[in-house]
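# Breakdown of the fold
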Amino acid sequence: MILPDGVVGDSIVGDAREEFAEYVRRGGSAPSLWYWVHATRLTVGYLVTKRRDVEMGTILKDLRFGARSLARMPGSAAVAVLVLAIGIGLCSFMFSVIYGLYFRGLDIPDADRVYLVYETNLQQDQSQRAVPIQNFMDWRERQTSFEGLLGTYGGTINVAGGSQEPIRLAGAFVTANTFSALGVPPILGRGFAEGEDGPGAAPNILLGYTTWRDDFGGDRSIVGREVRVNGEPATILGVMPEGFQFPNNTEVWAPVRDDALATSRADGRRLSVWGRLQDGVTRDQASMEMAGIARQLEQEHPEVNEHIGVRLYTPVEANMDSTLNMVFGSMMFAVICVLLVACANVASLLLARAAMRTKEAGVRVAMGGSRFRVMLPFLSEALVLAACGALLGIGIAFYGVAWFDGVTDPAVTGRPWFMRFEIDLPILAFVIGLTGLTALIAGIAPAFQMSRTDVSTVLKDESRGSSGMHVGRISRVLVTAEVALSCALLVGAGLMTKSIINLGQVDYPFETDRLFTARVGLFDADYPDPDARQQFWTDLTQELRGLPEVSSAALADVLPYGGRNTYRVGIDGVDYGDSEDRPSLNRVVVTPGYFDALGTALVAGRDFTESDDMGSEMVAIVNQPMVERYFDGQSPLGRRFREGASDTLPLITVVGVAPDLRLMGGQSEALGSYEPAGYYVPLRQKDESFMSIAALVRGERATALTADVREAVRRLDPNLPIYNVYSETEVIERAVWFYRVFGTVFITFGLSALFMASVGLYGVLSFAVSRRTQEMGIRMALGAASGDVVRLVARQGVSQLGIGLAIGLGLAFGVTRVVSVLMYQVDPQDPTVFAGVLALIVVVGVAAAVFPARRATSVDPVQALRSD
Amino acid sequence: MGRDFPSEFEQMVLLAVLRLREEAFALAVIRELDRAAHRSVSRGALYKTLERMEQKGYVEWSVEEATPERGGHPRRRFRVTPSGLEVLRASREALFRLWDGLDSVLDERPA
């Protein structure tokens, strides 16, 4: 069988027989058992030894040896583990985020065949236009690529009736085929049946799981209950499964009920269109077909479909833009850099140890060890370190991911419901792979260095065992690279810190803590005409002003930091060649007394009055940025402009000038679309269904007013809920989370890098010192002052520091370009940040160099000379 | 790198064969390694090592006549070749040099 042929095999069998005979003669028990055990051991042993030099046992032995030898230097081992834990932890954290954003996808069957279908108008640089309902219906009839197209639009849905309070929910109006097209049935009741949408359909609803559980007590008998939906009688048809929030963090679904024939293609409802590709149809084929249909529609209805194309998007593509891709891409890149720095540090540590163990390696080579065999112990040590680091790192990542998932709560950030961040199986698989890779990267340099050990050099070498190695150069390059990387990351972190500090120190030109805000929405069923709505808004303002705790109150369609609406504006007397040349400015619809309610005052002119209505001259109050940018800083009182892109539109007269109330909210000035100019128009000259309440309280806490305001609204209309109840401070917080979250992340990255660079510098220098103990001793014995020795050691560190800083500053300018979109009112080349980072690195670096240098001076010459 | 050194186990086997002189049969080598080096050796590993060292020219063997105790199977007697002796010497010198001067370190505390 496996034994060699001929006399060799025969002799082996003979040996076995002889041993067996010996065993039997000595009276051993169970001879047949003995025989089989030995025969098996013989063949297995023969087989295993036949194949390779290195047995599994040896590798395990090396791992144990690695662990034990690391345990003998707990200090360095702990630092190495910590360094790797940070590297692996940050990498796993970022990977979880990237995975959640880009790879997790929709949690529905065959999600990879589900696409969003948008219109495009490349002439106007629009790539994601919602689709007119008439076009959508034509698409549906003509296309064959999708199993079915569904259309949806978002909106507020008020549910009232029954016993509970009226509630306002984030709703989606969907075509009846939505749930069947997605392949997700309700867990309770039924979905919309064919034909239960369109004009004349009842506004029946399906509830989201969380809404059903929290607002309806998880009542299983809910199906069939009669309620009022946006003022109309309706029935609850069913409940959707937990986690299903299609298409956009939706809490309740109602049918699309628009009459496509009642409006023109230009003015009608626009829908987001989704479709599931037929089996066997590719994305390209579907895109081709839809493009063909778009061309047909362009010919049939050129008035609205000129230049209109169609493009398919995956849900991820539709939600991520190039800015976000760049931000997350650079964050991933940053953590990979941090991990590489970690690897460099551990490699550096292992190199130092390798140098001290040259002789051990020499012995192994002298004993006939193969190159791999000599490398193995060093790789094993790296693996042991990486495994411990990974355990700790998973803990870091777990904490980080939970934090990130919390601070990017969809309710605040609008993050799509399917982008979840958690540590699950794919992430753990990633960590395991990463750990192996880390061990390889950290271990390969020292291992390779060892395997090149030249026995004769080592054997001839009369001095310390390390001089035959190029350890020094490699380590120095690694440390220089670390300093450069941490410099770049720290500049990013420094700018982020400044950005967060700026956020905290903004002197808002209006009240924040004392400003109560909430939103109210009127529905056509209850308020069928503009007069009814105007009346309600007037009554509401009076009710609010009558509350004892309120010092002043007003309404606005958007509040500062609450969003923005922009309109093209043409100043009377300015010649605009193209409508594209007219600036898009912010517009806010307000009631009289708005500026008082915000605790601010007009700079010039007058406030609106109740008599600024449809019957009087159209008026506006412009803000100071608009005066500066579009009225050349001159007084604009009496000047006129048009809202819209046509010269035939009515003129609006400027009657007042408002201070800059931050109409851009927290948006960064680095954005190309940054435009702080804007104007205010009176509510009585507009018609709005949704308004925000702004009420300045007499006390300190704005939200103490909540119950009073709720009661005031209910006195006017018992079915009307108020929602988005916040103090203005909270409104601002919700608007600027972006800076805070990403700032915190970048600061963490930068500090991690700094920690690693100092560990690296310290490690390399203190190793260099220990290698030169003898030299130091001689120098001291010959009368060198301790200052000379410190300088000698420190010089090496300082030169690495200098080169690293020079490279790092170059990198930093690249980093600032990326992080500029994440910063709040910070100059990307802020000199104080650059100077601060330089100073920090120099201080930390010098400290890391000085400690080993000082140790060098404490060398006892006698001891040093005897040490070999 | 200099010459190819025999592995630690190869050296032990070579030394055991030398010590056993005319009695260097496989089973005796196993007993000798157990006795002198406190090393329990897998038969398979020993045979394979002997085979490898034969290929390298460190050992050679001759066949002894069969005995009834062995079920009529032959027995091999091993001998270290001159080149086997040569590598043993080189290895010993290398180790001596490496050990040299380390007594204080090694006696002070385990490395």
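Residues numbered from 1 in each chain as written. Chains lettered and ligands numbered in written order. Predicted model: local features only at pLDDT ≥ 70, side-chain atom pairs only at ≥ 80, totals over all residues.

What follows deals with the overall build of chain B. The secondary structure content of chain B amounts to five helices and two strands. By residue count, 32% of the 111 residues in chain B fall in the buried class. Taking the contacts inside chain B whose residues are at least 6 apart along the sequence as the reference set, 46% of them involve residues at least 24 apart. (Helix = DSSP H or I, 4+ residues; strand = E, 2+ residues; numbered from the N terminus. Buried ≥ 20, exposed ≤ 12 C-beta atoms within 10 Å, placed from the backbone. Contact = placed C-beta atoms within 7 Å.)

Further remarks concern the overall build of chain A. Along chain A, the regular secondary structure elements total 26 helices and 23 strands. A buried classification covers 43% of the 868 residues belonging to chain A.

All names here are of chain A. Inspection of the secondary structure assignment puts Asn305 in helix α9 (residues 302-305). When the C-alpha atoms of Asn305 and Thr120 are compared, they prove to be 10.0 Å apart, with 185 residues separating the residues in sequence. Ignoring sequence-local partners within four residues, the contact set of Asn305 consists of Leu297 and Glu298.

Attention now moves to the confidence of the model for chain B. With 91% of its residues at a pLDDT of 70 or more, chain B has an overall mean of 83. Model confidence for the complex: the whole-complex pTM is 0.70, and ipTM, which rates the interface, is 0.82. (pLDDT = per-residue confidence, 0-100.)

Glancing now at the packing of helix α18 (residues 530-546) of chain A against helix α21 (residues 706-716) of chain A. Residue and element names in this part refer to chain A. The geometry of α18 relative to α21 is characterised by a closest axis approach of 10 Å and an angle of 140 degrees between their N-to-C directions. It follows that α18 is oblique to α21 by the angle criterion. Relative to α21, α18 is oriented so that their crossing is right-handed. Packed against α18, whose contacting residues are Phe536, Asp539, Leu540, Glu543 and Leu544, the element α21 presents Val709, Ala712, Val713, Arg715 and Leu716 at the interface. Its residues assigned to classes, the contact of α18 with α21 comprises seven nonpolar, no polar and three charged. (Axes fitted to C-alpha atoms, helices over the stretch in contact; angles between N-to-C directions. Parallel < 35°, antiparallel > 145°, perpendicular 65-115°, else oblique. Left-handed = near helix turned anticlockwise from the far one by under 90°. Nonpolar A, V, L, I, M, F, W, Y, C, P; charged D, E, K, R; others polar.)

This part covers helix α4 (residues 74-103) of chain A. Burial analysis of α4 of chain A places 21 of its 30 residues in the buried class, which makes it a mostly covered element. Among the residues trailing α4 of chain A, Gly105 of chain A stands out with phi positive, at a value near 75 degrees.

All names here are of chain A. The amide bond that connects Phe246 to the next residue, Pro247, takes the cis arrangement and shows omega of -5 degrees. Of note in the backbone geometry, Asn249 takes a positive phi value of approximately 55 degrees without being a glycine. With respect to the helices and strands, the residue Asn249 is situated in the loop between β9 (232-239) and β10 (252-255). Unusually for a residue other than glycine, Asn724 sits at a positive phi of about 50 degrees. Along the chain, Asn724 turns up in strand β23 (residues 723-727). Here Asn724 falls in the partly exposed class, since 16 other C-beta atoms lie within 10 Å of it.

Once that is clear, we can look at helix α3 (residues 43-56) of chain B. Residues and elements named next belong to chain B. Between the first and last C-alpha of α3 there are 20 Å, a value that for 14 residues agrees with the 20 Å anticipated at 1.5 Å per step. Within α3, the full set of buried residues consists of Arg43, Gly44, Leu46, Tyr47, Thr49, Leu50 and Met53. Of the residues flanking the end of α3, it is Gly57, one or two places downstream, whose phi is positive at about 85 degrees. (Expected span 1.5 Å × (residues − 1).)

This paragraph deals with the environment of Ala80 of chain A. Residues and elements named next belong to chain A. Locating Ala80 in the fold gives a position in helix α4. Taking the C-beta count within 10 Å as the criterion, Ala80 has 29 such neighbours and is therefore assigned buried. Residues within four places of Ala80 in sequence aside, it is in contact with Val346, Leu349 and Leu385.

A separate point is the nonpolar core. The biggest cluster of nonpolar side chains holds 220 residues, and the ones touching the most others in it are Ile205, Val338, Val346, Ala556, Ala694 and Ala695 of chain A. With 19 residues, the top contributor of residues to this core is helix α22 (residues 728-771) of chain A. Residues Leu33, Met53, Val59 and Val80 of chain B belong to the second largest nonpolar core, which totals 25 residues. (Core = buried A, V, L, I, M, F, W, Y, C linked by C-beta atoms within 7 Å.)

Let's shift gears to the packing of helix α1 (residues 8-20) of chain B against α3 of chain B. Residues and elements named next belong to chain B. One way to put it is that α1 packs onto α3 with a least axis distance of 10 Å and a crossing angle of 85 degrees. The orientation of α1 relative to α3 falls into the category roughly perpendicular. For the pair α1 and α3, contact is made by Phe9, Glu10 and Val13 and by Leu46, Thr49, Leu50 and Met53, respectively. Its residues placed into classes, the contact of α1 with α3 shows five nonpolar, one polar and one charged.

Here we come to the pairing of strand β11 (residues 270-277) of chain A. All names here are of chain A. Counting buried residues along β11, six of its eight residues qualify, which places the element largely inside the surrounding structure. Pairing between strand β1 (residues 114-121) and β11: four bridges, direction antiparallel. Residue pairing in the sheet places Val117 in a bridge with Val273 of β11. Pairing analysis gives two bridges linking strand β3 (residues 131-132) to β11, with the strands arranged antiparallel. (Pairing = 2+ DSSP bridges.)

This part is about the environment of Lys686 of chain A. All names here are of chain A. Among the structural elements, Lys686 can be located in the loop between β21 (678-682) and β22 (690-697). Expressed as a C-alpha distance, the spacing of Lys686 and Gln534, which sit 152 residues apart in the sequence, is 9.1 Å. Excluding its chain neighbours within four sequence positions, the residues that come into contact with Lys686 are Val589 and Val681.

This paragraph deals with the pairing of β22 of chain A. Successive residues of a regular strand alternate their side chains across the two faces of the sheet. Residue and element names in this part refer to chain A. Within β22, seven of the eight residues are buried, which leaves the element mostly enclosed by the surrounding structure. Here strand β13 (residues 515-521) pairs with β22 via seven bridges, running antiparallel. Considered in β22, the bridge of Thr517 is made with Ala694. Bridge analysis of strand β14 (residues 550-556) against β22 gives six bridges, and the strand direction is antiparallel.

Quick look at the confidence of the model for chain A now. Residues and elements named next belong to chain A. In this model, chain A carries an average pLDDT of 83, and 89% of its residues clear a pLDDT of 70 or more. When the criterion is pLDDT under 50, residues 50-54 qualifies, and its contacts beyond four places in sequence or with other chains add up to six contacts. Considering only residues more than four positions removed or in separate chains, one finds that residues 461-470, a stretch of pLDDT under 50, has 22 contacts.

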